[in-house]
Amino acid sequence: MTDTNKKILLTLLGIVILFATYMYIVKPKMSSIKSLETDIDELQARYDDLCAKEAQKDQLIAETEEFNKQFDETVNKFAPDLNQENTVQFFKNSEVDNDFVNMSVTMPRDTVFYILGQGAVTGQDQALDVEKDAYVAYNDNYNISFSGTYEGLKSYLDYVLNYKYRMAIETITITFDEEAEAPIMECNGAVVLNTYAIKHEDRIADIPKVDVEEGKENIFATEGEYMPASAASSDHDSDNGDSIVSNHNMIIMLNNAGNDTSSGIIAAASASNEATYVTSNENKVEDLTIAITEEDGKNYITYAIGSKSYKAEVLTSDVAIYVKSSSRVDDKDTNGVNVKISNDTALPVYIKVADDDASNPRFKLAEKAGSVKQY
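It should be emphasised that the depicted structure is a prediction, and the values quoted were computed from it without experimental measurement.

### Topic: the overall build of the chain
Move 1: Secondary structure assignment for the chain yields five helices and 17 strands.
Move 2: Residues counted as buried form 31% of the 375 residues belonging to the chain.
Move 3: Taking the contacts inside the chain whose residues are at least 6 apart along the sequence as the reference set, 70% of them involve residues at least 24 apart.
Move 4: Accessible area of the chain: about 24300 Å², with a carbon and sulfur share of 52%.

Okay, structure coming up:
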């Protein structure tokens, strides 16, 4: 090979080395340097912004607190929920406070129309999942037909206007009784009432205040079927069943299964007669069945735990059961009874539970059939 060719090859080799050095070393370094310079510029801008905010720290904290206060004040103008319990309470109060009667009211499903920080929600987006901590705005449109006096209608409009939560009347139609005379002018018509709510995990819905005495437990039963007239009220009601403590047909004693004096669970026709005892020493919840039956014109009470049972005749006009319970001694104290009562007679059954553990009761009325009332 001639010297000239050698020089050409060396020159080409040098060019290749320089090109490779540039492509694989210099260029990546330059790109990395450029990227770092961009990051530095962004961090510098962020740093300058934080420094400016640090100088205004107290002002920004105060403004944030004021904004949060204004936000809460605005949100609190809307109900936390549009549950039907509070809706019924609203309509009931609108009748109590005004000479106005809601003749009929539709109860629609809640509709999502806006998510704070996200925007409006269209119909096809109703099933979309929202973030757990999102503020979600709902509304309901209630179609109401009403009847009342003219003064009652005006009071109702004022009631809606000044209600504690935001609501608005969309439309109203009014028809007056032409034969009525002022100031007692009878009127009727229809209202479309829009109500709104903003739901959030931290907002707690109101609890309706209901002051209505509970009636019989089975509203579909007729007198003498499941709730005889004698069970609706009795002498035991006057003292909340305290008279049963000293005068009863059966006693259930519930104590810690580990006590040294007696079984943890004792069911008896008489506390002083051990022959009537049905017991359990197990530190667990036992099923205690009680049946009141009629046989050949006589009434009987039969109680059983597992295969152990006792049957006694009932000679009184009702069946009184006294449950003498006790507080738990520790977390390992777990015994108790699930009571299942079946009453196939016309005699009412009254149960008085005393001294049971408030947080973890030993006594539970799991099932009942017939006339049974617990105090």
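Once the structure has been displayed, the description carries forward.
### Notes on helix 4 (residues 150–161)
Move 1: Taking 1.5 Å of rise per residue, the 12 residues of helix 4 would be expected to cover 16 Å, and the 17 Å separating its terminal C-alpha atoms lies within 8% of that figure.
Move 2: Among the residues making up helix 4, those that are buried are Gly152, Leu153, Tyr156, Tyr159 and Val160. End-on view of helix 4: buried residues confined to an arc of 115°, all on one side of the axis.
Move 3: On its buried side, helix 4 packs onto helix 3 (84–96), strand 1 (100–105), strand 4 (136–149), strand 5 (167–176) and strand 6 (186–199).

### Digging into the confidence of the model for the chain
Move 1: Looking at the chain as a whole, the pLDDT averages 84, with 89% of positions reaching at least 70.
Move 2: Note that pLDDT drops below 50 for residues 221–232; the model gives that stretch 25 contacts with residues more than four away or on any other chain.

### Remarks on the packing of aromatic side chains
Move 1: Taken as a whole and assessed by the stated rule, the structure comprises 12 aromatic pairs.
Move 2: Look at Phe90 and Tyr159: their rings are 5.4 Å apart centre to centre, the planes differ by 25°, and that puts the pair in the stacked class. Linking Phe90 in helix 3 with Tyr159 in helix 4, this pair joins segments that are 69 residues apart in sequence.
Move 3: Given a relative accessible area of 5%, Phe90 falls into the buried group.
Move 4: Taken together, the aromatic side chains of Phe90, Phe91, Tyr142, Tyr159, Tyr163 and Tyr165 make up a single cluster linked through ring pairs.

### What to know about the side chain of Asp333
Move 1: Take Asp333: it is sitting in the loop between strand 13 (319–324) and strand 14 (336–343).
Move 2: Judged by relative accessible area, Asp333 falls into the buried class, the value being 2%.
Move 3: A polar side-chain atom of Asp333 sits 2.4 Å from a polar atom in the side chain of Arg362.
Move 4: Ignoring any residue separated from it by four or fewer positions in sequence, one finds Asp333 in contact with Asn256, Ala257, Asn283, Ser327, Arg328 and Arg362.

### Here's the deal with the sheet that holds strand 16 (residues 363–369)
Move 1: Read from one edge to the other, the open sheet built from five strands follows the order 12-11-10-14-16, with strand pairing classed as mixed. Single-partner strands in this sheet number two, and they are strand 12 (308–314) and strand 16. In this sheet, adjacent strand axes meet at a mean angle of 20° when their direction is disregarded.
Move 2: Direction of pairing for strand 11 (residues 298–305) relative to strand 12: antiparallel, over a ladder of seven bridges. Across the sheet, residue Ile305 finds its bridge partner in strand 12, namely Lys308.

### Things to note about a nonpolar patch on the surface
Move 1: On the surface, Phe19, Tyr22, Met23, Tyr24, Ile25, Val26 and Met30 cluster together to form a nonpolar patch covering roughly 740 Å² of accessible area.
Move 2: Take Val26: its relative accessible area is 34%, and that puts it in the partly exposed class.

### Thoughts on the side chain of Asn299
Move 1: By secondary structure assignment, the location of Asn299 is in strand 11.
Move 2: A relative accessible area of 17% places Asn299 in the buried class.
Move 3: With residues up to four places along the chain from it excluded, the contact list for Asn299 reads Thr293, Glu294, Ala312, Glu313, Val314, Thr345 and Leu347.

### Focus: the nonpolar core
Side chains of nonpolar character tend, in soluble globular proteins, to be buried together.
Move 1: Membership of the largest hydrophobic core comes to 27 residues, with the highest contact counts inside it found for Met250, Ile252, Leu288, Ile290, Ile321, Ile351 and Phe363.
Move 2: Of all the secondary structure elements, the ones that give two or more residues to this core are strand 7 (250–254), strand 8 (265–268), strand 10 (285–295), strand 11, strand 12, strand 13, strand 14 and strand 15 (349–354).
Move 3: Apart from residues no more than four positions distant in its own chain, Phe363 is found in contact with Ile252, Leu254, Val323, Val337, Val339, Ile351, Val353, Asp356 and Gln374.
Move 4: Core analysis: the second largest hydrophobic core is formed by 14 residues, Tyr142, Tyr156, Met167 and Leu193 among them.

### Concerning the sheet that holds strand 13
By definition, the strands of a sheet pair up through backbone hydrogen bonds, in either a parallel or an antiparallel sense.
Move 1: Read across the open sheet, the six strands follow the order 9-8-7-13-15-17; overall the sheet is mixed. The open sheet has two edge strands, strand 9 (278–280) and strand 17 (372–374), and neither has a second partner. Across the sheet, the axes of successive neighbouring strands diverge by a mean angle of 10°, strand direction being ignored.
Move 2: The sheet contact formed by strand 8 and strand 9 spans three bridges and is antiparallel. Residue Ile266 lies in a different strand from strand 9, and its bridge partner there is Thr279.

What counts as what
- Residues numbered from 1 in each chain as written.
- Predicted model: local features only at pLDDT ≥ 70, side-chain atom pairs only at ≥ 80, totals over all residues.
- Heavy atoms only, no water.
- Helix = DSSP H or I, 4+ residues; strand = E, 2+ residues; numbered from the N terminus.
- Buried < 20%, exposed > 50% of the residue type's maximum accessible area, 1.4 Å probe, protein only.
- Contact = heavy atoms within 4.5 Å.
- Areas by Shrake-Rupley, 256 points an atom, 1.4 Å probe, with all protein chains shown as cover.
- Expected span 1.5 Å × (residues − 1).
- Arc of directions from axis to C-beta.
- pLDDT = per-residue confidence, 0-100.
- Phe/Tyr/Trp six-rings, centres within 6.5 Å; stacked < 30°, edge-to-face > 60°.
- Polar contact = N/O pair within 3.5 Å; in protein donor to acceptor, adjacent residues only side chain to side chain.
- Pairing = 2+ DSSP bridges.
- Axes fitted to C-alpha atoms, helices over the stretch in contact; angles between N-to-C directions.
- Patch = residues over 30% accessible without salt bridge, like charges linked within 9 Å, V, L, I, M, F, W, Y side chains within 5 Å.
- Salt bridge = Lys/Arg side-chain N within 4 Å of Asp/Glu carboxyl O.
- Core = buried A, V, L, I, M, F, W, Y, C linked by side-chain atoms within 4.5 Å.

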